[in-house]
Amino acid sequence: MTQASSSISIVLLLLALAFVVEVSAGSTNGGFFKPAGAEGSVPIEQCPNKCDYRCSATSHRKPCLFYCNYCCQKCLCVPSGTYGNKEECPCYNNIKNKEGGPKCP
């Protein structure tokens with residue numbers, strides 16, 4: 001094997017390895033395929049609809065919608081249901097108010 005073909009083989013091997021690493025990283029951290037409800041899976045334009053449902057059962061609808069939309073736009077995730085299930089969206093769950101309580105409904 002000549003020096004040039006050996007160099008080309010090494011470059012092709014490195015490119016193939018980089019591709020495999022990129023694809024496997026995407027499948028483990030949600031970079032390529034994001035399951036429904038997963039953090040970062042809600043397109044920003046769907047936040048109002050998701051929050052409308054999330055806040056549908058509360059008597060404090062206006063503040064609920066305001067904070068839900070704020071959190072959705074920041075995290076691109078809204079927990080399922082009208083209450084609870086915040087473990088589905090760690091970012092949404094971890095945003096706190098000044099007093100240290102949950103900011104997102």
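The structure presented is a predicted model; accordingly, all values stated were derived computationally and were not measured. For every chain, the first residue of its written sequence is number 1, and the numbers climb from 1 along that sequence. The model is predicted, so local features are restricted to residues of pLDDT at least 70 and side-chain atom pairs to those at 80 or more, both for listing and for counting; the totals for chains, interfaces and linings are taken over all residues. Note that water and hydrogens are dropped before the side-chain values are worked out from all heavy atoms of the structure.

Chemist: Any chance you could explain the packing of aromatic side chains here in plain terms?
Modeler: The geometry of an aromatic ring pair comes down to the distance between the two centres and the angle between the two planes. Any two of the Phe, Tyr and Trp rings considered here, Trp counted by its six-membered ring, make a pair once their centres fall within 6.5 Å; the pair's planes then place it as stacked at under 30 degrees, edge-to-face at over 60, or tilted in between. What the rule picks out here adds up to one aromatic pair. Relative to Y67, the ring of F66 has its centre 5.0 Å away and its plane inclined at 85°; by these criteria the two rings are edge-to-face. Each residue is placed in one exposure class: buried if its accessible area under a 1.4 Å probe, protein chains only, is under 20% of its type's maximum, exposed if it is over 50%, and partly exposed if it falls in between. Judged by relative accessible area, which is 33%, Y67 ranks as partly exposed. Either the NZ atom of lysine or the CZ atom of arginine qualifies as a charge over a ring when it sits within 6 Å of the ring centre and within 35 degrees of the ring normal. We note K103 situated over the ring of Y70; from NZ or CZ to the ring centre the distance is 5.1 Å.

Chemist: So what exactly am I meant to see when it comes to the confidence of the model for the protein chain here?
Modeler: Predicted coordinates in areas of low pLDDT are best not read in detail. Mean pLDDT for the protein chain: 80, with 64% of residues reaching 70 or above. The low-confidence segment residues 21–33 (pLDDT under 50) makes five contacts with residues lying over four places distant or belonging to another chain. A residue's pLDDT is the predictor's confidence in that residue, given on a scale from 0 to 100. In what follows, residue pairs with any heavy atoms lying within 4.5 Å of each other are defined as contacts.

Chemist: Quick question: what am I supposed to make of the nonpolar core here?
Modeler: As a rule of thumb, soluble globular proteins bury nonpolar side chains together. Put simply, buried Ala, Val, Leu, Ile, Met, Phe, Trp, Tyr and Cys residues joined by side-chain atoms within 4.5 Å make one nonpolar core. Grouped together as the largest cluster of nonpolar side chains are 15 residues, with contacts concentrated most on C68, C72 and Y92. Comment: elements are numbered from the N terminus, with helices defined as DSSP H or I runs of at least four residues and strands as E runs of at least two. The biggest single contributor to this core is helix 3 (residues 61–75), with five residues. If sequence neighbours within four positions are ignored, C68 has contacts with C51, R54, C55, V78, Y92 and P105.

Chemist: Looking at this structure, I do not really get the environment of S80. What am I missing?
Modeler: By the element assignment, S80 lies in the loop between helix 3 and helix 4 (90–94). Along the sequence, S80 and R54 sit 26 residues apart, while their C-alpha atoms lie 7.3 Å from each other. Each residue touching S80, except ones within four places of it in the same chain, is listed here: R54, N85 and E88. We define a polar contact as two N or O atoms separated by no more than 3.5 Å, with the added condition that, inside protein, one atom must be a possible hydrogen donor and the other a possible acceptor, whereas residues neighbouring each other in sequence contribute only through side-chain atom pairs. In terms of polar contacts, S80 uses its side chain to reach the side chain of E88, at 2.9 Å.

Chemist: Would you explain the side chain of N69 in this entry?
Modeler: Of note, N69 is situated in helix 3. When sequence neighbours within four positions are dropped, the list of residues in contact with N69 reads C47, P48 and C51.

Chemist: Hey, could you run me through the state of the cysteines in this one?
Modeler: By convention in this document, the label disulfide applies to cysteine sulfur atom pairs within 2.5 Å. Using the criterion set out here, one finds six disulfides in the structure. Linked covalently through their sulfurs, C55 and C64 form a disulfide whose S-S length is 2.0 Å. On the sign convention where negative means left-handed, the S-S torsion of about -80° between C55 and C64 marks this disulfide as left-handed. Owing to a relative accessible area of 0%, C55 belongs among the buried residues under this scheme. Residue C64 is classed as buried on the basis of its relative accessible area, which comes to 10%. Each sulfur in the disulfide pair C71 and C104 lies 1.8 Å from the other. Measuring handedness by torsion sign, the sulfur bridge of C71 and C104 sits at about -90° and is left-handed. With a gap of 33 residues between them, C71 in helix 3 and C104 in the segment after helix 4 connect regions that are remote in the sequence. C71 sits in the buried class, given a relative accessible area of 0%.

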